[in-house]
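Descriptive structure summary
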Amino acid sequence: MEGVREVAVEHRPVLLDPDAREAVDRARAVVDRLVAENQVSYAITTGVGKLSDVRIAGAQIRELQVNLVRSHAVGVGEPLAIPETRAMMLLRANSLSKGNSGVRALTIDTICELLNRGVTPMVPSQGSVGASGDLAPLAHLALALIGEGECFDEKGARVPSAEALKRAQVKPLVLEAKEAVSLINGTQAMLGVGSLALLAAETLVDSADVIGAMSCDALKGTDVAYDERIQRVRSHHGQVRSAANLRRLLQGSQIRESHRDCGRVQDAYSLRCIPQVHGAVRDTLTHCRRVFETEVNSAVDNPLVFVKNLKVADGKGDVLSGGNFHGEPVAFALDFLAIGLSALAGISERRLERLVNPALSEGLPPFLAPGAGLNSGFMMPQVTAAALVSENKVLAHPASVDSITTSGNKEDYVSMGMTAAIKLKKVVENSRNVLAIEAMAAAQAIDFLAPLKTSKPLQHAHAAIRAVCPTMEKDRVMYQDFARIAEAIAAGKVAEAMR
């Protein structure tokens, strides 16, 4: 998964592996033999979907490829972000490189060249039902490969694909038999968006442990609930890890020592149950990563080519029609991710409420406001967090429980995986903003407890917040503070406190 980020975000160069090239060539020989012998084979010498009973032969085969790409490039809505499309391109090339798709190596090389030269197809985000994979988004990728449609150039400007390829000195592809259907069949759009969302979510859950520990310390909570013995008798891996993080983060806090002999027996769930909630999110991310990594390294188009001789490209093999393009495994994981992150944001907002509510904040100024009354402090940020958490509850409704019939009832049960991916993007953004608001409030609360100091790791986190957001001495406009803290969270600056 880290490789996806390196290529999609950091623009690491890519190249088809020599062994993979040989496997691709062997599979291509099978397709070439079928065409030469004019054998009936789905999507090679026939139409696709409901039109699979229509024979295609001779010069029509190249025409079919262009027609398939053009007719399927029907996406609408805002384009995917450039990193998301680059992730999709990488994943599509990787799937084709498995040697089961029957495309030419040149087709994969061209995708790699676009990645390496900073040319990104313009891919609208809407129009996929997640089977036969992400047809519309992938068709927009294929459209750029043949020099049609639009691209973003290396500077992010939107230009005609023909012009973008010309500037980058990449020759447009002339697609041969089966290549169009191999390019447009697959789960790479939902998987590309989902992979980047997963990577962002993994940073969020680490940041949430840090921010939760700051809030716990500021609210004079106890670390007893994080005792290793408690976790050992309910040994969910994520719970054990989050509890260990919290123990380490709170160790040595002067604030903690100042109230060790107080009469409070236990804290509210939003503090006491951080390991159980954050840990469950961690376990969700682990499951989703496993699903995504399996999908990343799978052949998912249709039909698939299986060669008989793995040593020579003799054209002998079978072409089998199946359903690996169906997005259900990925769709379930995308929906599960959204549910998990909704809980992460939800418990964060509850901690924020305790920080600002004078009835719950253990003696902190009302709404963390200096001169409360004249200043409103964090009264309204909690409202914003509540709004985002409630929006997440709507977005966390699973898309994958839905289906709608398409393609003349041939594609009669679909995954809606791309819908799940697009929703997840917003849940990630909302959750990051909720955590940013809690982080700003927790830092403010710790400032009020001076001269007592929090632990050294949490001082590091506090400094990371203060590097982009000064203490609030009186009411000010805060939306830019939230944005800067959210950026710091996304960059891993807050999570660094655990290292």
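For clarity, every value in this text was computed on a predicted model and none was experimentally measured. (Residues numbered from 1 in each chain as written. Predicted model: local features only at pLDDT ≥ 70, side-chain atom pairs only at ≥ 80, totals over all residues. Heavy atoms only, no water.)

Here's the deal with the environment of Glu2
Selection rule: Strands here mean DSSP runs of E at least two residues long; helices mean DSSP runs of H or I at least four residues long; both are numbered from the N terminus. Here a residue-residue contact requires only that any non-hydrogen atoms of the pair lie within 4.5 Å. Two N or O atoms count as a polar contact when they lie within 3.5 Å, although within protein this holds only if one can serve as hydrogen donor and the other as acceptor, and sequence-adjacent residues are included solely when both atoms are side-chain atoms.
Here Glu2 lies in helix H1 (residues 2–8). Taking the C-alpha atoms as reference points, Glu2 and Leu196, 194 residues apart in sequence, are found 9.4 Å from one another. Excluding its chain neighbours within four sequence positions, the residues that come into contact with Glu2 are Leu199 and Arg289. Engagement of the side chain of Glu2 in a polar contact is seen with the side chain of Arg289, the distance being 2.8 Å.

So, the packing of helix H3 (residues 60–72) against helix H6 (residues 135–145)
The condition is simple: Fitted lines through C-alpha atoms serve as axes, helices being fitted only where they are in contact, and the angles separating the N-to-C directions of these axes extend from 0 to 180 degrees. Roughly parallel means an angle under 35 degrees; roughly antiparallel means over 145; roughly perpendicular covers 65 to 115; every other angle is labelled oblique. For any helix crossing, the convention is left-handed if the near helix is rotated counterclockwise from the far helix by under a right angle, and right-handed if that rotation is clockwise. Under the convention adopted here, Pro, Cys and the residues Ala, Val, Leu, Ile, Met, Phe, Trp and Tyr are nonpolar, Asp, Glu, Lys and Arg are charged, and Gly plus all remaining residues are polar.
Interhelical geometry of H3 versus H6 gives an angle of 125° and a closest axis separation of 8 Å. By the angle class used here, H3 and H6 are oblique. In the crossing of H3 with H6, the sense of the turn from one axis to the other is left-handed. Residues Val69, Arg70 and His72 of H3 form the contact with H6, whose own contacting residues are Leu135, Ala136, Ala139, Ala142 and Leu143. In terms of residue class, the contact of H3 with H6 is made up of six nonpolar, one polar and one charged.

Observations regarding the side chain of Asp206
With respect to the helices and strands, Asp206 occurs in helix H9 (residues 188–218). For Asp206, the contacting residues outside a window of four places in its chain are Arg241, Arg282, Ala495 and Met498.

Some thoughts on the pattern of salt bridges
For clarity, the cut-off: In what follows, salt bridge is the name for a side-chain nitrogen of Lys or Arg lying within 4 Å of a carboxyl oxygen of Asp or Glu. Burial classes follow relative accessibility: with a 1.4 Å probe on protein chains only, a residue under 20% of its type's maximum area counts as buried, one over 50% as exposed, and anything between as partly exposed.
Per the counting criterion, the structure on display carries 31 salt bridges. A salt bridge links Glu84 to Lys425, with the nearest nitrogen and oxygen atoms 3.2 Å apart. Highlighted residues: Glu84 in helix H4 (residues 82–96) and Lys425 in helix H17 (residues 417–448), separated in sequence by 341 residues. For Glu84, a relative accessible area of 9% translates into the label buried. A salt bridge links Arg264 to Asp267; its shortest N-O distance comes to 2.4 Å. Via salt bridges that share partners, Glu2, Glu202, Arg289 and Glu293 belong to a single interconnected network.

Details of the side chain of Arg351
Examined against the element boundaries, Arg351 turns out to sit in helix H15 (residues 328–356). Arg351 gets classed as buried once you look at its relative accessible area, which sits at 0%. Discounting chain neighbours no more than four positions away, the residues touching Arg351 are Ala208, Gly212, Ser215, Leu219, Ser270, Leu271, Ile274, His278, Leu435 and Glu438.

Structural notes on helix H5 (residues 105–116)
Rules: Expected helix span is computed as 1.5 Å times (number of residues minus one).
Here H5 spans 16 Å end to end across 12 residues, near enough to the 16 Å set by a 1.5 Å rise per residue. For H5, the complete set of buried residues consists of Ala105, Thr107, Ile108, Thr110, Ile111, Cys112, Leu114 and Leu115. For H5, the elements touching its buried residues are H1, helix H2 (18–36), H4, H6, helix H7 (161–168) and helix H8 (179–184). Just downstream of H5, Gly118 is the residue with a positive phi angle, here 75°.

Here's the deal with unusual backbone geometry
Put simply, Ala131 and Ser132 share a cis peptide bond, and its omega is 5°. The topology assignment puts Ser132 in the loop between strand E3 (124–126) and H6. Residues Asn302 and Pro303 are joined by a peptide bond in cis, for which omega reads -5°. Non-glycine residue Leu368 carries a positive phi angle of around 55°. Mapped onto the elements of the fold, Leu368 is located in the loop between H15 and helix H16 (379–395). The class of Leu368 is buried, set by a relative accessible area of 0%. The backbone of Ser407 shows a phi angle near 55°, a positive value even though the residue is not glycine.

Points about a negative patch on the surface
We count it as follows: Distance thresholds for patches are 9 Å for like charges and 5 Å for nonpolar side chains (Val, Leu, Ile, Met, Phe, Trp, Tyr), applied to residues having over 30% relative accessible area and no salt bridge. We get accessible surface area from the Shrake-Rupley algorithm with a probe of 1.4 Å; when it comes to residues, only the shown protein chains can shield them. For this count, His and the chain ends are skipped, Lys and Arg are scored as positive, and Asp and Glu as negative. Here the site of a charge means atom NZ of a Lys, CZ of an Arg, CG of an Asp or CD of a Glu.
On the surface, Asp17, Asp19, Glu22 and Asp25 cluster together to form a negatively charged patch. The exposure class of Glu22 is partly exposed, given its relative accessible area of 47%.

Comments concerning the environment of Met380
Within the secondary structure, Met380 is located in helix H16. Spatially, the C-alpha atom of Met380 lies 44 Å from that of Ala73, the residues being 307 residues apart in sequence.

Some thoughts on the nonpolar core
Grouped burial of nonpolar side chains is what soluble globular proteins tend to show. Using the following cut-off: Each nonpolar core is a collection of buried residues, namely Ala, Val, Leu, Ile, Met, Phe, Trp, Tyr and Cys, held together in the definition by side-chain atoms within 4.5 Å.
Counting residues in each nonpolar core, the largest one holds 148 residues, and the members touching the most others are Phe292 and Leu355. In terms of residues, this core owes the most to one element, H9, which gives 19 residues. Setting aside residues no more than four positions away along its own chain, Phe292 makes contact with Met1, Leu191, Gly194, Ser195, Leu198, Val330, Ala333, Leu334 and Leu337.

Considerations on a nonpolar patch on the surface
On the surface, Met379, Met380 and Val383 cluster together into a nonpolar patch covering about 260 Å² of accessible area. You can see Met379 is positioned in helix H16.

A word on the sheet that holds strand E2 (residues 120–121)
Worth spelling out the cut-off: A pair of strands counts as paired when DSSP detects no fewer than two bridges linking them.
Read across the open sheet, the three strands follow the order E2-E4-E5; overall the sheet is antiparallel. Each of the sheet's edge strands pairs with one partner strand only, and the pair in question is E2 and strand E5 (158–160). Bridging between strand E4 (residues 150–152) and E5 involves three bridges; their strand directions are antiparallel. Bridging across to E5, Phe152 finds its partner in Arg158. Here H7 sits on the sheet and contacts E4 and E5; the angle it forms with E5, its principal contact strand, is near 95°.

Examining the packing of H9 against helix H18 (residues 456–466)
The interhelical angle for the contact between H9 and H18, taken along N-to-C directions, is 105°, at an axis separation of 10 Å. On the basis of the axis angle, H9 is roughly perpendicular to H18. Along the contact surface, H9 presents Val210, Ala213, Met214 and Asp217, while H18 presents Leu458, Ala461, His462 and Ile465. A breakdown of the residues in the contact of H9 with H18 according to their chemical character gives six nonpolar, one polar and one charged.

A word on H15
Its 29 residues give H15 an end-to-end C-alpha distance of 42 Å, which sits within 8% of 42 Å, the value for a rise of 1.5 Å per residue. Across the 29 residues of H15, 22 count as buried, placing the element largely inside the fold.

Points about the environment of Arg350
Turning to its location among the elements, Arg350 is positioned in helix H15. Overall, Arg350 belongs to the partly exposed group, its relative accessible area being 40%. The spacing of Arg350 and Glu438 is 88 residues in sequence and 9.4 Å in space, taken between C-alpha atoms.

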